[in-house]
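Here are the chains, one letter per residue:
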Amino acid sequence: MTNTPNLPPEIPQNTPSGNATDSADQSLYAAIDLGSNSFHMIIAREIHGQMQVVDKHKEMVRLRADLGVNGELSEKAFSSGIACLERFGQLINGIPTQNVRAVGTNTLRNATNSRSFLAQASKALGHKIQIIAGQEEARLIYLGVAHGLPNNDEQRLVMDIGGGSTEYIIGKHFDNQHLSSTEMGCVSITQSHFPKGAITLERLNYAIACCRQTLRPHRNKLKKLGWDTAIGASGSIKSIGEIIKANGWSDNGITLPAMVKLSEALIAAGSADDIKLEGLKDERRPVLIGGLAILMATFIELNIAQMNVSANALREGLVFDTLGRLYAEDAREISVNAMQQWMKVDVQQANHVAQTARSLFKQAHTIWPLRPTEYDFKRLLKWACMLHECGIAISYKRYRQHSAYLIEQADMAGFDQQEKQILSTMMLNHRGKFIPTVYDELEKEFSEQLICLTVLLRLAVRIHRGRDLEDVDPVLSIENTNEVHLKFTNQWLNEHPLTRLDLETEAKRLEAAGFKLTFE
């Protein structure tokens, strides 16, 4: 573990963690990457749309090390991770909540006890931790790398070796054209092919062959798109680049002949513990061979001649993505629009449902606990309205189940797994029999709010079931938390008897969720 650095004087230390107060510096941002091998944090300041790094911190937590046969994080990794996040929490104390992003990647996507870890980890850090899918990880990596490069017309291949996964991205400027995430990382490959750190030529050759096999389904797509320059991010690639340079094996970045010389030195050492090389840091020693096998396999499979190393990676991408959410273009909005187009959603109908839901939300959010916290409930409701009918593209029968499945399983840029699970649950419950038990799978502290949010969605969907595309703005009143009353003006209900009948049916449905619905 590295020692915790002193707080820079620019970072306020006198406010509760995660709270945006008058004394908090609104220009400060923090991004935390909970990787399979190491936890990274960057603190940056936004100045005229540019990011100025204030502090960086890394700890080799080795979350994936000793992952049990049942897929559980080991007790040592669990406690080390929590302790690290407590230190990170002290460092970002006072940075506004909306300016902090923390994400978990491959190991936390797959560990069977990740939910238990996340509950404690969020408390230790003082902020919500998002679990992101492999393609979202790749998108953020490219965003971070691209912001550290000249804004020219070069097409780039960006590669990032993590502890449990390796990402490949083709892009130009700040836009990606292809995202791939593969199930191989420096920790997982080291554990599976080099037990107890033993390094032999046979084991290395077999590890390289297995990595090539993993990459092969993506090879043709990557090579067809092509690239002008190859760029590597992550600790493994940085370390390999530093060792190659320090030993004089290449004067121009990472090359395959240089890596062959490195592999010969590792084989001669015979064990990770016995490696003695210029440029090798002790923290990288245990997983160097796994990262090297992946990188050599990639050079061979994709015919890469030379690769440069980027100083930026996922955590920088998180900061720029946060800036985009707050001030510019939110990738989640683009994903929702893309899903609507892909599934041929009736956008006009969705917009009318969203307009009524927005009106209901404005009247309810001060009575029900729907003020923004870790989640922006207003946006979640909007996105649920925009996507609730996407399952019709598969079949009208059971379309709410289809909608729920599509949202939960689709790769949607900008969305973390928790957000997709929330939307999926709302999709499942936006009509028909109300199933309150599915909210037990969500974070307990937000289940009440999400049930209330779903009630607003159901009411908006019911009101517009006739698809008459007229504006409806009923007055909503709430008594005793669960007694909901809708008042329609100008005898609207009398002119829409089928909607009245629908609301009578809805009143019966909502009883299962503990709500009493009345209307006039």
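Whatever comes next refers back to the structure up there.
The rules behind each value
Throughout, residues of each chain are indexed from 1 in the direction in which the sequence is written. Owing to the predicted nature of the model, reporting of local features is limited to residues with pLDDT of at least 70; listing and counting of side-chain atom pairs is limited to 80 or more, with chain, interface and lining totals taken over all residues. Just so you know, side-chain values use all the structure's heavy atoms and leave hydrogens and water out. Here's how the labels work: a residue is buried when its accessible area is under 20% of the maximum for its type, exposed when over 50%, partly exposed in between, all with a 1.4 Å probe on protein chains only. Starting at the N terminus, helices and strands are each numbered in turn, a helix being any DSSP run of H or I of at least four residues and a strand any DSSP run of E of at least two. If DSSP finds at least two bridges between two strands, the strands pair. Throughout, disulfides are identified as pairs of cysteine sulfur atoms within 2.5 Å of each other. Any two residues having at least one pair of non-hydrogen atoms within 4.5 Å are treated as being in contact. Remark: nonpolar core denotes a set of buried residues (Ala, Val, Leu, Ile, Met, Phe, Trp, Tyr, Cys) joined through side-chain atoms within 4.5 Å. Any two of the Phe, Tyr and Trp rings considered here, Trp counted by its six-membered ring, make a pair once their centres fall within 6.5 Å; the pair's planes then place it as stacked at under 30 degrees, edge-to-face at over 60, or tilted in between. As a rule, the C-alpha atoms of each element are fitted with a line to give its axis, helices using only the stretch in contact, and angles between N-to-C directions run from 0 to 180 degrees. To estimate how far a helix should extend, the number of its residues minus one is multiplied by 1.5 Å. Roughly parallel refers to an angle under 35 degrees, roughly antiparallel to one over 145, roughly perpendicular to one between 65 and 115, and oblique to any angle outside these ranges. Handedness of a crossing is defined here by the sense of rotation of the near helix relative to the far one, left-handed for an anticlockwise turn of less than a right angle and right-handed for a clockwise turn. Whenever two N or O atoms come within 3.5 Å, that pair is a polar contact, provided that in protein one can donate a hydrogen and the other can accept it, and provided that, for residues adjacent in sequence, both atoms are side-chain atoms. Within this document, salt bridges are pairs made up of a side-chain nitrogen of Lys or Arg and a carboxyl oxygen of Asp or Glu, the two lying within 4 Å of each other.

K.L.:
What is the right way to read the pairing of strand β4 (residues 100-104) from this model?
P.N.:
Every other side chain in a regular strand lies on the same face of the sheet, so the side chains alternate between the two faces. Most of β4 sits inside the fold, with five of its five residues counted as buried. Residues of β4 alternate between two faces, with Val100, Ala102 and Gly104 on one and Arg101 and Val103 on the opposite face, all of them buried. Of the pairings in the sheet, the one linking strand β1 (residues 28-34) to β4 comprises five bridges and is parallel in character. Each residue of the ladder has a partner; that of alanine 31, found in β4, is arginine 101.

K.L.:
Can you walk me through the state of the cysteines in this structure?
P.N.:
As used in these notes, a disulfide is a covalent bond between sulfur atoms, one from each of two cysteines. Per the stated rule, a full pass over the model turns up zero disulfides. Lacking any disulfide linkage, cysteine 390 is separated from the closest cysteine sulfur, that of cysteine 385, by 13 Å. A relative accessible area of 0% places cysteine 390 in the buried class. Cysteine 452 takes part in no disulfide bond, and the closest cysteine sulfur to it belongs to cysteine 385, at a distance of 15 Å.

K.L.:
Would you mind going over the sheet that holds strand β2 (residues 39-47) with me for this structure?
P.N.:
Paired through backbone hydrogen bonds, the strands of a sheet run either parallel or antiparallel to each other. With respect to topology, five strands assemble into an open sheet ordered β3-β2-β1-β4-β5, the strand pairing being mixed. The two strands at the open ends of the sheet, each matched to only one other strand, are β3 (50-59) and β5 (130-131). Alignment of β2 against β3, held across nine bridges, turns out to be antiparallel. Within β3, the position partnered with alanine 44 by the bridge is valine 53.

K.L.:
Is there a simple way to explain the side chain of threonine 499 in this structure?
P.N.:
Secondary-structure assignment places threonine 499 in helix α18 (residues 497-510). What makes threonine 499 buried here is its relative accessible area of 9%. Those residues in contact with threonine 499 that sit more than four places away from it in its chain are Arg462, Ile463, Trp492 and Leu493.

K.L.:
How should I be thinking about the nonpolar core in this particular structure?
P.N.:
Side chains of a nonpolar character, in soluble globular proteins, are inclined to be buried together. Of all hydrophobic cores here, the largest spans 64 residues; its most connected members are Trp368, Phe377, Leu381, Leu453, Leu456 and Leu486. At 11 residues, helix α16 (residues 447-463) tops the list of elements feeding residues into this core. Non-local contacts of phenylalanine 377, meaning those with residues more than four positions away in its chain, are made with Phe361, Pro369, Leu370, Arg371, Phe446, Gln449, Leu450 and Leu453. Membership of the second largest hydrophobic core comes to 44 residues, among which are Ile189, Leu204, Met259 and Ala272.

K.L.:
Help me understand helix α13 (residues 377-387), please; the structure alone is not making it clear to me.
P.N.:
Along an α-helix, residues three or four positions apart point the same way, because every turn accommodates 3.6 residues. Among the 11 residues that make up α13, eight are buried, leaving the element largely enclosed by the rest of the structure. Of all the residues in α13, the buried ones are Phe377, Leu380, Leu381, Trp383, Ala384, Cys385, Met386 and Leu387. In this fold, the buried residues of α13 make contact with α11 (331-342), α12 (347-364), α14 (399-409), α15 (417-428) and α16.

K.L.:
Would you explain the packing of aromatic side chains in this entry?
P.N.:
Two descriptors summarise a pair of aromatic rings, namely the distance from one centre to the other and the angle between the planes of the rings. Here the structure, examined in full by the defined rule, presents seven aromatic pairs. Ring centres of tryptophan 368 and phenylalanine 515 lie 5.8 Å apart, and the angle between their planes is 75 degrees; this geometry places the pair in the edge-to-face category. Here tryptophan 368, found in the loop between α12 and α13, pairs with phenylalanine 515, found in the loop between α18 and β13 (516-519); they are 147 residues apart in sequence, far enough to count as distant. Accessibility classification places tryptophan 368 together with phenylalanine 515 in one group, the buried group. Consider the rings of tyrosine 396 and tyrosine 399, whose centres lie 5.4 Å apart with planes at 40 degrees: the pair is tilted.

K.L.:
Which parts of the structure should I look at to understand the sheet that holds strand β9 (residues 229-233)?
P.N.:
Taking strand neighbours across the sheet as the criterion, the five strands line up as β8-β7-β6-β9-β10 in an open arrangement whose pairing is mixed. Two strands in the sheet have a free side with no partner beyond their single neighbour: β8 (175-182) and β10 (308-309). As paired strands, strand β7 (residues 166-172) and β8 are joined by seven bridges and run antiparallel to one another. Among the inter-strand pairings, glycine 171 is bridged to a residue of β8, identified as asparagine 176. Along the sheet face, helix α9 (residues 288-302) touches β6 (155-161) and β7 and points at about 155 degrees away from the line of β6.

K.L.:
Sorry, what's going on with helix α4 (residues 134-146) here?
P.N.:
Here α4 spans 18 Å end to end across 13 residues, near enough to the 18 Å set by a 1.5 Å rise per residue. Of all 13 residues in α4, 12 are buried, a share of seventy percent or more. Turning to α4, its buried residues number three or more, namely Gly134, Glu136, Glu137, Ala138, Arg139, Leu140, Ile141, Tyr142, Leu143, Gly144, Val145 and Ala146.

K.L.:
I would appreciate a short explanation of the packing of α13 against α16 in the present structure.
P.N.:
To describe two helices that pack against each other, one gives the angle between their axes and the distance between the axes. Closest axis-to-axis distance for the α13/α16 pair is 10 Å, and the angle between their directions is 40 degrees. Between α13 and α16, the angle falls in the class oblique. Relative to α16, α13 is oriented so that their crossing is right-handed. Counting all contacts with α13, which are made through Phe377, Leu380, Leu381, Ala384 and Cys385, the residues of α16 involved are Gln449, Leu450, Leu453, Leu456 and Leu457.

K.L.:
Is there a simple way to think about the side chain of histidine 178 in this case?
P.N.:
Of note, histidine 178 is situated in strand β8. Residue histidine 178 is classed as buried on the basis of its relative accessible area, which comes to 14%. At a separation of 2.6 Å, a polar atom in the side chain of histidine 178 contacts the side chain of serine 180. Beyond its immediate stretch of four places on either side in the chain, histidine 178 contacts Tyr168, Ile169, Ile170, Lys221, Leu222 and Leu225.

K.L.:
Please clarify how unusual backbone geometry should be interpreted in this entry.
P.N.:
Backbone phi values are negative for most residues with the exception of glycine, while trans is the configuration of most peptide bonds. Phi is positive for arginine 62, close to 55 degrees, though the residue is something other than glycine. Here arginine 62 is to be found in the loop between β3 and α1 (75-91). You can call arginine 62 partly exposed: its relative accessible area is 22%. Unlike most non-glycine residues, glutamine 491 shows phi in positive territory, near 55 degrees. Mapped onto the secondary structure, glutamine 491 falls in the loop between β12 (483-487) and α17 (492-495). By relative accessible area, which is 51% here, glutamine 491 ends up exposed.

K.L.:
What should I look at first to understand the pattern of salt bridges in this one?
P.N.:
Opposite charge on two side chains allows them to pair when their charged atoms are near. Throughout the structure, instances matching the rule amount to 24 salt bridges. Of the charged contacts, one joins glutamate 316 and lysine 56 as a salt bridge, the two residues approaching to 3.4 Å between their closest N and O atoms. Placement of the pair is glutamate 316 in helix α10 (residues 314-327) and lysine 56 in strand β3, with a sequence separation of 260 residues. Judged by its relative accessible area of 40%, lysine 56 is partly exposed. Several salt bridges converge on common partners, so that one network encompasses Arg458, Arg462, Arg465, Asp502 and Glu506.

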